[in-house]
Amino acid sequence: ALVEKGKMNVNYSSCAIFKGKVSESFNIKNIKNNHYPIVFEILNENGDCLYQSKKIQPGYEMSQIELKKELPKGTYNCKLKVGYAEEGNVFSAFPITIEVRE
């Protein structure tokens, strides 16, 4: 699928499972048809940043992340804020559920 300039297409898992700070089940992919590298953040309900990524080039994916701080065991409704690394004005936010098991 072609991606229009100024838009982006991202595949990600809508539920991420963590053991402590490290994800056991998480994936985000910058599809190869995107024009630029992407960066993403995971924000909690209050808008605090739990994780901030480095650049992911088109065609690459990230399948494990480590949160900035350990969360108590439980399920959290968070936001995945994703955008182009170099084209700073294109950002989207998607719901993501984080489940901390230990």
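Now for a quick tour of the structure. As the structure is a prediction and not an experimental result, all values here were calculated from the model. Residue numbers here run from 1 along each chain, matching the order of that chain's written sequence. Under the rules for a predicted model, residues below a pLDDT of 70 receive no local features and side-chain atom pairs below 80 are neither given nor counted, while totals for whole chains, interfaces and linings still include all residues. Side-chain metrics rest on all non-hydrogen atoms present in the structure, leaving aside hydrogens and water.

Looking now at the overall build of the protein. Numbered from the N terminus, helices here are DSSP runs of H or I no shorter than four residues, and strands are runs of E no shorter than two. The number of helices and strands found in the protein is zero helices and nine strands. Listed by position from the N terminus, the elements making up the protein come as β-β-β-β-β-β-β-β-β. With the radius of gyration taken over C-alpha atoms, the globule rule is written as 2.2 Å times the number of residues to the power 0.38. Taking 102 residues into account, the globule formula puts the C-alpha radius of gyration at 13 Å, and the protein, at 13 Å, falls close to it. Considering only C-alpha atoms, the protein reaches an extent of 40 × 25 × 20 Å along its principal axes.

In this description, strands pair whenever DSSP reports at least two bridges between them. Reading across from one edge, 3-2-9-8-5-6 is the order of the six strands in this open sheet, with mixed pairing throughout. One side of each edge strand has no neighbouring strand; the edge strands of this open sheet are strand 3 (22-25) and strand 6 (49-52). Put simply, the sheet's adjacent strands are angled 35 degrees from each other on average, direction ignored. Bridging between strand 5 (residues 38-43) and strand 6 involves three bridges; their strand directions are antiparallel. Across the sheet, residue Leu43 finds its bridge partner in strand 6, namely Cys49. Comment: axis = line fitted to C-alpha atoms, over the contacting stretch for helices; angle = value between 0 and 180 degrees taken between N-to-C directions.

This paragraph deals with the pairing of strand 2 (residues 15-19). As judged from the four bridges shared by strand 2 and strand 9 (residues 91-100), these two strands associate in the parallel manner. Following the sheet pairing, Ile17 is matched in strand 9 by Glu99. Relative to strand 3, strand 2 runs antiparallel, the two being bridged by three bridges. By the bridge assignment, Lys19 is partnered in strand 3 with Val22.

What follows concerns the packing of aromatic side chains. Note on aromatic pairs: the rings of Phe, Tyr and Trp (six-membered ring only in Trp) are paired at centre separations within 6.5 Å, and the planes decide the class, stacked below 30 degrees, edge-to-face beyond 60, tilted for the rest. Within the structure shown, the criterion is met by four aromatic pairs. The criterion is that NZ of a Lys, or CZ of an Arg, lies within 6 Å of the ring centre and within 35 degrees of the ring normal, and then a charge sits over that ring. In this arrangement the basic side chain of Lys81 is found over the ring face of Phe91, its NZ or CZ atom lying 5.0 Å from the centre.

Taken in spatial order, the three strands of this open sheet run 1-4-7, and their pairing is antiparallel. Edge strands, defined here as strands with exactly one partner in the open sheet, are strand 1 (10-12) and strand 7 (61-62).

Bringing the side chain of Ser53 into the picture now. For Ser53, the location among the structural elements is in the loop between strand 6 and strand 7. Here the term buried applies to any residue with accessible area under 20% of the maximum for its type, exposed to any over 50%, and partly exposed to those in between, with areas from a 1.4 Å probe on protein chains only. Residue Ser53 is classed as buried on the basis of its relative accessible area, which comes to 10%. N or O atoms within 3.5 Å of each other form a polar contact, as long as, within protein, one can give a hydrogen and the other can take it, and as long as residues adjacent in sequence are counted only when both atoms are side-chain atoms. Looking at Ser53, its side chain comes within polar contact range of the main-chain nitrogen of Phe40, at 2.8 Å. Ignoring anything within four residues of it in the chain, the contact list for Ser53 reads Val39, Phe40 and Met62. Residue contacts follow a heavy-atom distance rule, with two residues in contact if any of their heavy atoms lie within 4.5 Å.

The values are spatial; any link to function lies outside them.
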